[in-house]
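Commentary on secondary and tertiary structure
Residues per chain, in single letters:
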Amino acid sequence: MTQAEIKLCSLLLQEHFGEIVEKIGVHLIRTGSQPIRVIVHDTRTSLDQVKKALCVLIQHNLVIYQVHRRGMVEYEAQCSRVLRMLRYPRYIYTAKTLYNDTGELIVEELLLNGKMTMSALVKKVADRLTETMEDGKTMDYAEVSCTFVRLADTHFVQRCPLVHATENSDPGPPPPAPTLVINEKDMFLVPKLSLIDDTLALAGIAQWIELWLQMKVLPVQTPVRAHAWVAGQVPGTGHARGKGKRRRSSEDDATGEPKAKRPKHTTDNKEPIPDDGIYWQANLDRFHQHFRDQAIVSAVANRMDQTSSEIVRTMLRMSEVTTPSSAPFTQPLSSNEIFRSLPVGYNISKQVLDQYLTLLADDPLEFVGKSGDSGGGMYIINLHKALGSLATASLESVVQERFGSRCARIFRLVLQKKHLEQKQVEDFAMIPAKEAKDMLYKMLSENFISLQEIPKTPDHAPSRTFYLYTVNILSAARMLLHRCYKSIANLIERRQFETKENKRLLEKSQRVEAIIASMQATGAEAAQLQEIEEMITAPERQQLETLKHNVNKLDASEIQVDETIFLLESYIESTMKRQ
Amino acid sequence: MAEVKVKLQLPDADPVEIENRIIELCHQFPHGITDQVIQNEMPHIEAQQRAVAINRLLSMGQLDLLRSNTGLLYRIKDSQNAGKMKGSDNQEKLVYQIIEDAGNKGIWSRDIRYKSNLPLTEINKILKNLESKKLIKAVKSVAASKKKVYMLYNLQPDRSVTGGAWYSDQDFESEFVEVLNQQCFKFLQTKVELSMEDIETILNTLIYDGKVEMTIIAAKEGTVGSVDGHMKLYRAVNPIIPPTGLVRAPCGLCPVFDDCHEGGEISPSNCIYMTEWLEF
């Protein structure tokens, strides 16, 4: 992990979870996997706090644990997952565009809470929607469920791995940490719930209470179900904590129906939760696949026209389920299939479609390729090439904005021709020698371009060596990615600084708002309200406005830089997989 | 009747007459005449006299001696040049010949030395002489700016020497290139496809600018612009992504990026670029 990445993770963890979690999280990122005792010792925090911090991190899928031999449990932080937190707004926005407000809230709740059961999720979202609706109307749980099922069907949400159900009657001591497994085919299987409101209400409350409980010793009478796994989340402590019966998983049940029989309890009024133990999380890979498809479609639209981009979008949609997201090519699609799958509004004839496909296949962009002639022509989308072109375009854009359009010309020239001598660069780019030299050296010093030496004689004498300029896209992409991380860290710091500068003013305005609200509740007159409002003077109001504007701008900028990060990371990942 | 042996005394046995006859013949056959032709014309002249006449003409610079696969050819020399070279000697003529052979690419002085086997001092003297007589000129090569090539006075230097259309007086015409760059782009934006050899280099620069793309299609021989069965087509294109996110933030373009740390002289909190950008 580079320094820039660690700094950025530290800022994100602090902003979202607070100091203690940040300390533990950064420590784990820096040092790799460690058992809990070592963490306690190295970070000089109490065992209790470490446990709480780890609990939070595990809940949000930022830390994973493994049992090593000799029964030791080690925790490992996932730096890349922490950096995904920057992308949460984009995920939520995507869900909104695809599934409207309901989808937006579902994904938002899932991301904010890490893992949730379907019942709890549905309830919470429905209640939130009800609040925003007009008086007297309520959001139907069934509708929310329906949207949730659609999200699961399109793989945007997935089940979390479950404890492996050991049906054997071996009563031996349970292992220090549960090993979590998930069956591929069950990953998107939605359990059938009977959505009776009060059941869910109580179940929901119970859920929440249990999940955020401190790690106190739970009385033995507490109900069987699952919250054992929450208590068992922080294993390795050596105590017999909340080890109740192992949670039953409905994996084995073919229809996904919850088991009928449940033991009754008398100690509390917690109703049994139908889908207990089945937790869901957002499937980030699927979102990434969606972003990648969006980027490819818009690139085609920019280079060609709307119709071709729609054709490419159709092809990508058809390949969503057949092609794994890391494949270099999509599965071949026949022209007939594409014709049948075109969106209803587009009534272009088969012939025109064929022409478009031929054009796309022949285009220098090489996003679409022809792989055969059966079925009217088999076409594939060259995903790896597309990602490469997008990453290269990002590089070119940065060179253009930073150094100027003539430098960009030289950069593209060297990209296309792979290796060039100084003289050849001047000739092809039609730029005077002195300026060309200056620009090449500037780009060389910033590591966009590198030099390849080809000696003519064994003694590598400089006068008898060829020096060729070349662009190594992978290393330039990595360099730029590092710069992106640092830039976002800078933006976040600036945002926090701006907020801190105006802390006094913000507090004052909050107080005033609180006073106004309470006075309104007790029925004060307009004149009194006016008086209170005037406590904030006009220049202060102006200042607040400026602050709001600045913070919004910085926030938006973080998201924009994250777009560049996405393109570069996808390209680097795709290239590394192919090696 | 007594037999009278008459010896024919031909009127043109006079050497000057012979020379004039030969010159007339040369004019008749401007491509050159062989010894055989002269012999046929004047059968009564002995080989000796013929040789003397020809030698005189050569030394006077009125005839050119050429070798062909059939034998030796004598050609009338261009009268203008003949007049010029009157005062020169053989060495100069040799050097002149070498320079003439180099055509419009010109020849470097060292190469002249190799070809003629004359010492350097001699060569320099001869070159100076020829230049003052305005028979040859020196042209600075655009490839190596210190090198001078010599060519005949009235010849147009070749592209490779002067750099072609893009150079004037050995200086790169960057403004010219810029203007043409813009013009070609505008031309292509109106969707006219063209491929012309002369503008190909400028079009390539537009490709490197990312504004234009090129495809090669197979074309029949004989269609306008086709070379070896291919034709290059150009069209104006848009970039495939808008300016990337990183460059919309001040950090993406910051020149002191590497020096920026929280708590230092240059930090995100006191960054002047950010302050300016936020006021935008």
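Counting restarts for each chain, with residues numbered from 1 along the sequence as it is written. To read the labels, note that chains go from A and ligands from 1, taken in the order they are written. Local features in a predicted model are, by the rule used here, given only for residues with pLDDT of at least 70; side-chain atom pairs are given and counted only at 80 or more, and totals for whole chains, interfaces and linings are based on all residues. Hydrogen atoms and water are omitted, and side-chain values are computed over all heavy atoms in the structure.

1. Brief notes about the overall build of chain A
Going along the chain from the N terminus, every DSSP run of H or I of four or more residues is numbered as a helix, and every run of E of two or more is numbered as a strand. Broken down by element type, chain A carries 22 helices and 13 strands. Only protein chains enter the accessibility calculation, which uses a 1.4 Å probe; a residue is then buried when its area is under 20% of its type maximum, exposed when over 50%, and partly exposed in between. Buried residues in chain A amount to 50% of all 579 residues. Contacts between residues were defined by any pair of non-hydrogen atoms, one from each residue, lying within 4.5 Å. Counted over contacts in chain A with a minimum sequence separation of 6, partners at least 24 positions apart contribute 65%. Put simply, chain A shows about 28900 Å² of open surface, and 53% of that area lies on carbon and sulfur atoms. Areas reported here follow the Shrake-Rupley algorithm with a probe of radius 1.4 Å; residue values treat only the protein chains shown as occluding.

2. Observations concerning the overall build of chain B
Scanning chain B from N- to C-terminus turns up 12 helices and 10 strands. For chain B, the residues scored as buried account for 34% of the 280 residues in total. Long-range contacts, defined here as pairs at least 24 residues apart, represent 43% of the contacts in chain B between residues at least 6 apart. Carbon together with sulfur atoms contributes 52% to the accessible area of chain B, which is approximately 17900 Å² in total.

3. Section: the packing of aromatic side chains
In this scheme Phe, Tyr and Trp rings, the latter by its six-membered ring, pair at centre separations within 6.5 Å, and the angle between planes marks the pair as stacked below 30 degrees, edge-to-face above 60, and tilted otherwise. This structure, assessed with the given rule, holds 10 aromatic pairs over all chains. Centroid distance Y88 of chain A to Y91 of chain A: 6.3 Å. Interplanar angle 45°. Geometry classified as tilted. In this pair, Y88 of chain A and Y91 of chain A both sit in helix α6 (residues 88–113), 3 residues apart, roughly one turn of the helix. What makes Y88 of chain A buried here is its relative accessible area of 10%. For Y91 of chain A, a relative accessible area of 0% corresponds to the buried category. Aromatic ring contacts, followed pair by pair, group Y88, Y91, Y99, F156, F287, F291 and F566 of chain A into a single cluster. Sitting over the ring of F291 of chain A, R90 of chain A keeps its end group 4.0 Å from the ring centre. In this analysis the charged atom, NZ for Lys or CZ for Arg, is taken to sit over a ring once it is within 6 Å of the ring centre and within 35 degrees of the ring normal. Across from the ring centre of W277 of chain B, 5.2 Å away, lies the NZ or CZ of K553 of chain A, which sits over that ring.

4. Comments concerning the nonpolar core
Counting 117 residues, the largest nonpolar core has Y75 and I410 of chain A as the members making the most contacts within it. In terms of residue count, helix α19 (residues 473–501) of chain A provides more of this core than any other element does, 11 residues in total. Membership of the second largest hydrophobic core comes to 30 residues, among which are I296, V312 and I338 of chain A together with I240 of chain B. Grouping buried Ala, Val, Leu, Ile, Met, Phe, Trp, Tyr and Cys residues that are joined through side-chain atoms within 4.5 Å yields what is termed a nonpolar core.

5. With respect to the interface of chain B and chain A
Tallying the contact residues gives 48 residues for chain B and 48 residues for chain A. Note: buried area is the sum, over both parts, of the accessible area (probe 1.4 Å) each one loses when the two are combined. Both faces combined, the contact of chain B with chain A buries some 4200 Å², and carbon together with sulfur accounts for 59% of it. Its largest share of buried area at the contact with chain A, chain B owes to Y208, I240 and L278 of chain B, together 21% of the area lost on that side. Whenever Lys or Arg places a side-chain nitrogen within 4 Å of a carboxyl oxygen from Asp or Glu, that contact is recorded as a salt bridge. Counting the contacts that link chain B with chain A gives 1 salt bridge. Here a polar contact is taken to be a pair of N or O atoms separated by no more than 3.5 Å, where protein atoms must pair a possible hydrogen donor with a possible acceptor and residues adjacent in sequence count only if both atoms sit in side chains. On the surface where chain B and chain A come into contact, there are 15 residue pairs in polar contact (both at pLDDT 80 or more). Residue assignment for the side of chain B that touches chain A shows that the elements contributing at least two residues are α9 (174–189), α10 (200–208), β9 (212–218), α11 (250–253) and α12 (272–279) of chain B. Ranked by residues supplied to the side of chain B that touches chain A, first place goes to α10 of chain B with 5 residues.

6. Looking at the packing of helix α12 (residues 306–319) of chain A against helix α14 (residues 350–362) of chain A
Residue and element names in this part refer to chain A. For helices, the axis comes from a line fit to the C-alpha atoms of the stretch in contact; other axes are also lines fit to C-alpha atoms, and the angle between any two N-to-C directions lies between 0 and 180 degrees. It is the contact of α12 with α14, at a shortest axis distance of 10 Å, that shows an interaxial angle of 85°. Relative to α14, the element α12 is oriented roughly perpendicular. On the side of α12, the interface is formed by T307, S308, I311, V312 and M315, while α14 contributes L353, Y356, L357 and L360. Each residue belonging to the contact of α12 with α14 can be placed in one class, and the counts come to 7 nonpolar, 2 polar and no charged. Angle categories are assigned with fixed cut-offs, so that under 35 degrees is roughly parallel, over 145 is roughly antiparallel, 65 to 115 is roughly perpendicular, and the rest are oblique. We call Asp, Glu, Lys and Arg charged. Ala, Val, Leu, Ile, Met, Phe, Trp, Tyr, Cys and Pro are nonpolar, and the rest, Gly among them, are polar.

7. Section: the pattern of salt bridges
Residue and element names in this part refer to chain A. Tallying each qualifying case throughout the model produces 29 salt bridges over all chains. Across the pair E15 and R495 runs a salt bridge whose closest N-O atoms are separated by 2.7 Å. Of the two residues, E15 sits in helix α1 (residues 3–17) while R495 sits in helix α19, which places them 480 residues apart along the sequence. On the basis of relative accessible area, E15 is assigned to the partly exposed category, the value being 34%. Judged by relative accessible area, which is 11%, R495 ranks as buried. Where K96 meets D101, a salt bridge forms, and the shortest distance between an N and an O atom there is 3.4 Å. Within this structure, R84, R87, D562 and E569 form a network of salt bridges that share partners.

8. Digging into the environment of Y208 of chain B
Residue position: Y208 of chain B is located in helix α10. Ignoring any residue separated from it by four or fewer positions in sequence, one finds Y208 of chain B in contact with A408, R409, R412, L413, Q416, K417 and F428 of chain A.

9. Let's talk about helix α3 (residues 47–60) of chain B
All names here are of chain B. Here the expected span of a helix is defined as 1.5 Å times the quantity of residues minus one. Counted at 1.5 Å a residue, the expected span for α3 with its 14 residues is 20 Å, and the 20 Å between its end C-alpha atoms agrees. Residues R50, A53, I54 and L57 constitute the buried set of α3. Angular distribution of buried residues about the axis of α3 spans 95°; they occupy a single face of the element. Away from its buried face, by an angle of more than 90 degrees, α3 presents the exposed residues Q48 and S59. In this context, the arc is that of the directions from the helix axis out to the C-beta atoms.

10. Quick word on the sheet that holds strand β11 (residues 378–381) of chain A
Residues and elements named next belong to chain A. With respect to topology, 3 strands assemble into an open sheet ordered β9-β11-β10, the strand pairing being antiparallel. Among the strands making up the open sheet, the edge pair consists of β9 (333–334) and β10 (368–372). Here, strands pair whenever DSSP counts at least two bridges between them. Bridge count for β10 against β11 is 4 bridges, and the pairing is antiparallel. For K370, the partnering residue across the bridge sits in β11 and is Y379.

11. Examining helix α8 (residues 141–153) of chain A
Under the 1.5 Å per step criterion, the end-to-end length of α8 of chain A is 18 Å for 13 residues, consistent within 8% with the ideal 18 Å. Backbone geometry just after α8 of chain A places H155 of chain A at a positive phi near 70°.

12. Side note on the confidence of the model for chain A
Residues and elements named next belong to chain A. As a per-residue quantity, pLDDT reports the predictor's confidence and falls between 0 and 100. Looking at chain A, the pLDDT average stands at 79 and 81% of residues meet or exceed 70. For residues 167–171, every residue scores under 50 in pLDDT, and the model assigns this stretch 1 contact once sequence neighbours within four places are set aside. In the model, residues 196–270 has pLDDT below 50 throughout and makes 108 contacts with residues more than four positions away in sequence or in other chains.

13. As for the side chain of S10 of chain A
Within the secondary structure, S10 of chain A is located in helix α1. Once residues lying within four places of it in the same chain are set aside, the contact partners of S10 of chain A are E22 and V26 of chain A.

14. What to know about the sheet that holds strand β1 (residues 34–35) of chain A
Residue and element names in this part refer to chain A. Taken in spatial order, the 3 strands line up as β1-β3-β2 in an open sheet, and their pairing is antiparallel. Only two strands of the sheet have a single neighbouring strand rather than two, namely β1 and β2 (63–67). Where β1 lies against strand β3 (residues 73–77), 2 bridges are found, and the strand directions are antiparallel. Across the sheet, the residue bridging to Q34 is Y75, located in β3. Sheet contacts for helix α2 (residues 19–31): β1, β2 and β3; angle to β3, the most-contacted strand, approximately 95°.

15. Remarks on unusual backbone geometry
Residue and element names in this part refer to chain A. One non-glycine residue, N61, lies in the positive phi region at around 65°. Mapping N61 onto the fold places it in the loop between α4 (47–59) and β2. When its relative accessible area of 16% is taken as the criterion, N61 is described as buried.

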